[in-house]
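Architecture at a glance
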Amino acid sequence: MSIIQTATEKMRSLPPEKQQEVLDFIEFLQNQLAQNHTNIEQIEPISFLEAAQQFAGCVDGGPGDLATNKQYLEGLGTE
């Protein structure tokens, strides 16, 4: 027996108001799936630069390039 057949059999044994609740829940699930599918389709790919644009310059006070501290970098990677 398939899932649909089993669900139909069990639903028939419920009173009409509970059958309506089951139908409402099924419609809720269908709407939720349709909404998720729509949201996925609306997302357009963007570059990392565009995604991180809001964080550009958020670290203030430090050197723009860590390579300016040459003594710190000496011996790096030789261990």
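So, how was this worked out
- Residues numbered from 1 in each chain as written.
- Predicted model: local features only at pLDDT ≥ 70, side-chain atom pairs only at ≥ 80, totals over all residues.
- Heavy atoms only, no water.
- Helix = DSSP H or I, 4+ residues; strand = E, 2+ residues; numbered from the N terminus.
- Buried < 20%, exposed > 50% of the residue type's maximum accessible area, 1.4 Å probe, protein only.
- UniProt positions renumbered as here; feature names shortened; annotations may be inferred.
- Patch = residues over 30% accessible without salt bridge, like charges linked within 9 Å, V, L, I, M, F, W, Y side chains within 5 Å.
- Areas by Shrake-Rupley, 256 points an atom, 1.4 Å probe, with all protein chains shown as cover.
- Salt bridge = Lys/Arg side-chain N within 4 Å of Asp/Glu carboxyl O.

A count of helices and strands for the chain gives 4 helices and 0 strands. Of the regular secondary structure in the chain, the N- to C-terminal order runs α-α-α-α. Out of the 79 residues belonging to the chain, those deemed buried represent 0%.

With that out of the way, let us pick up the UniProt feature "domain: DUF2281" (unreviewed entry) in the chain. With numbering aligned to this structure, UniProt lists the feature "domain: DUF2281" (unreviewed entry) at residues 9–37. Along residues 9–37, the helical share is 90% and the strand share 0%, with 30 Å between the first and last C-alpha atoms.

As a further point, take a nonpolar patch on the surface. Taken together, Phe25, Phe28 and Leu29 make up a surface patch of nonpolar side chains, about 290 Å² in accessible area. Assignment of secondary structure puts Leu29 in helix α2 (residues 16–42).

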